[in-house]
Amino acid sequence: MRGASDHGDPQRPRFLAVAAKRLGPLVPRLPAQPGYFKRRRRLTETIEWLLGIFASRSPGFTTICCSSTRRRSSVLAARETVRRSQLGDAADYGWCASHSRYFWGFRLHAIFAPDGTPRALTLTSPKRDEREVGLELLARTPRVGGETLLGDKGYAGRDFALKVSELDATIVRPRRKDEPGRGLHLAPIRQRIESIFWTCKDLLTLERHGARTLPGIRERILQRFLCLAACIVLNHQLGRPSRALVDYVA
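Residues numbered from 1 in each chain as written. Predicted model: local features only at pLDDT ≥ 70, side-chain atom pairs only at ≥ 80, totals over all residues. Heavy atoms only, no water.

### So, the confidence of the model for the chain
This is how it is decided: pLDDT is a residue-level measure of predictor confidence that goes from 0 to 100. Contacts are assigned to residue pairs that have any heavy atoms within 4.5 Å of one another.
Of the residues in the chain, 83% reach a pLDDT of 70 or more, and the chain-wide mean stands at 78. Considering only residues more than four positions removed or in separate chains, one finds that residues 1–8, a stretch of pLDDT under 50, has 24 contacts. Low pLDDT, under 50, characterises residues 69–77; the predicted model gives this stretch 46 contacts beyond four residues in sequence or across chains.

As structure tokens, this is what we get:
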């Protein structure tokens, strides 16, 4: 039944058509649509593992880590959509400061390297404290130690900075209005983080995944970030800008 399925992925018809055209000589027997969905669901753990493999081969794997949750992923926009999906019990209301409005859905938290390499990510209720989630992501991110974690004003707080320090990292963020001094000029780096999220939302259609189940949303988000990590590695090898993805868009 379509109401309980995950067949609303806008990339699916395009991907299957392009795959048949470009991969036909290499893979003579490509799965049809039902087989494609079943295999992708079965390979979710492998997709996540491959994401880590590609990330480890990128120069961004050993450089400064950047963290941001300013861009919220509004997975569910209407209550009617919630009632027809299996995501209603997991999603929640949250405030999107960048759009000055409430939304119903999830919030995407992620840690990226400056070149866009995804290092760690998770989808949570929008009501969870982003500092709490940020510490969880930092703890599970493979690192060499001594990294600088760049975040927005939501990561303010002495306790948070202390816990980041205990994880052998340093948090750097813009100054809040109630804090003395001028603070660091972080606008150019913040723009880089915003552009990384825009790449995910625009070219990788992160907010238009069409999933209606928790396993479905997981596999589709991982699939998109695996695509990003693979393209970044290839672009480094070819001497291109890390997130130049136009050549890979069908």
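### Brief notes about a positive patch on the surface
For clarity, the cut-off: In this scheme, patches are assembled from residues that exceed 30% relative accessible area and form no salt bridge. Like charges are connected within 9 Å, while nonpolar side chains (Val, Leu, Ile, Met, Phe, Trp, Tyr) are connected within 5 Å. To measure how exposed things are, a 1.4 Å probe is used in the Shrake-Rupley method; for residues, cover is taken only from the protein chains shown. Salt bridges are counted wherever a side-chain nitrogen of Lys or Arg sits within 4 Å of a carboxyl oxygen of Asp or Glu. Counted charges follow a simple rule, with Lys and Arg positive, Asp and Glu negative, and His plus the chain ends left uncounted. Charge positions are represented by NZ for Lys, CZ for Arg, CG for Asp and CD for Glu. The helix count covers DSSP runs of H or I at least four residues long, the strand count covers runs of E at least two residues long, and both are numbered beginning at the N terminus. Partly exposed describes any residue whose relative accessible area lies between the buried limit of under 20% and the exposed limit of over 50%, with all areas from a 1.4 Å probe on protein chains only and scaled to the type maximum.
On the surface, Arg29, Lys38, Arg39 and Arg42 cluster together to form a positively charged patch. Position of arginine 42 relative to the elements: it lies in helix 2 (residues 33–42). For arginine 42, a relative accessible area of 62% translates into the label exposed.

### Considering the packing of helix 3 (residues 44–56) against helix 8 (residues 214–238)
Stated precisely, the cut-off is as follows: As a rule, the C-alpha atoms of each element are fitted with a line to give its axis, helices using only the stretch in contact, and angles between N-to-C directions run from 0 to 180 degrees. Geometric relationships in this document are graded by angle, where less than 35 degrees denotes roughly parallel, more than 145 denotes roughly antiparallel, 65 to 115 denotes roughly perpendicular, and other angles denote oblique. Handedness of a helix crossing follows the sense of rotation of the near helix relative to the far helix, less than a right angle counterclockwise being left-handed and clockwise being right-handed. Any residue that is not Ala, Val, Leu, Ile, Met, Phe, Trp, Tyr, Cys, Pro, Asp, Glu, Lys or Arg is counted as polar, Gly included; the first ten are nonpolar and the last four charged.
Packing of helix 3 against helix 8 brings their axes to within 9 Å, and their N-to-C directions diverge by 25°. In terms of axis orientation, helix 3 runs roughly parallel to helix 8. Crossing of helix 3 over helix 8 shows left-handed handedness. Contacts between helix 3 and helix 8 involve Thr44, Glu45, Ile47, Glu48, Leu50, Leu51, Phe54 and Ala55 on the former and, on the latter, Arg218, Glu219, Leu222, Gln223, Phe225, Leu226, Ala229, Ala230 and Val233. Here the residues of the contact of helix 3 with helix 8 are counted per class, giving 11 nonpolar, 2 polar and 4 charged.

### Some words on the pairing of strand 7 (residues 169–172)
Every other side chain in a regular strand lies on the same face of the sheet, so the side chains alternate between the two faces. For the record, the criterion: Strands qualify as paired when DSSP identifies two bridges or more between them. A crossover gets the label right-handed when its path from the first strand over the helix to the second runs clockwise, viewed with the strands pointing away from the viewer.
Direction of pairing for strand 6 (residues 147–150) relative to strand 7: parallel, over a ladder of 4 bridges. Of the residues in strand 7, the one forming a bridge with glutamate 147 is alanine 169. Note on the crossover from strand 6 through helix 6 (residues 158–166) to strand 7: the handedness is right-handed.

### Topic: the environment of lysine 163
One can find lysine 163 in helix 6. According to the relative accessible area criterion, lysine 163 is partly exposed, its value standing at 44%. Each C-alpha atom of the pair lysine 163 and leucine 135 lies 7.6 Å from the other, and the pair is 28 residues apart in sequence.

### Description of the nonpolar core
Threshold: Buried residues of nine kinds, namely Ala, Val, Leu, Ile, Met, Phe, Trp, Tyr and Cys, make up a nonpolar core once their side-chain atoms join them within 4.5 Å.
Core analysis: the biggest nonpolar cluster contains 30 residues, and Leu51, Phe112, Phe225 and Leu228 have the highest contact counts within it. Among the secondary structure elements, those contributing two or more residues to this core are helix 3, strand 4 (107–112), helix 7 (187–202) and helix 8. Of all the elements, helix 8 adds the most residues to this core, at 9 residues. Leu138, Tyr155, Phe160 and Ala169 belong to the second-largest nonpolar core, a separate cluster that totals 12 residues.

### So, the packing of aromatic side chains
The relative placement of two aromatic rings is captured by the distance of their centres and the angle of their planes. Filter applied, for reference: Only the six-membered ring of Trp is used, alongside the rings of Phe and Tyr, when aromatic pairs are assigned; centres must lie within 6.5 Å, and planes under 30 degrees apart are stacked while those over 60 apart are edge-to-face, with the rest tilted.
For the coordinates displayed, the defined rule picks out 2 aromatic pairs. Ring geometry for phenylalanine 112 versus phenylalanine 225: centroids 6.0 Å apart, planes at 40°, classification tilted. In this pair, phenylalanine 112 is assigned in strand 4 and phenylalanine 225 in helix 8, connecting sequence segments 113 residues apart. Note on accessibility: phenylalanine 112 and phenylalanine 225 belong to one class, buried. Aromatic pair tyrosine 155 and phenylalanine 160: ring centres 5.6 Å apart, planes at 35°, arrangement tilted. By the burial criterion, tyrosine 155 is buried, and phenylalanine 160 matches it.

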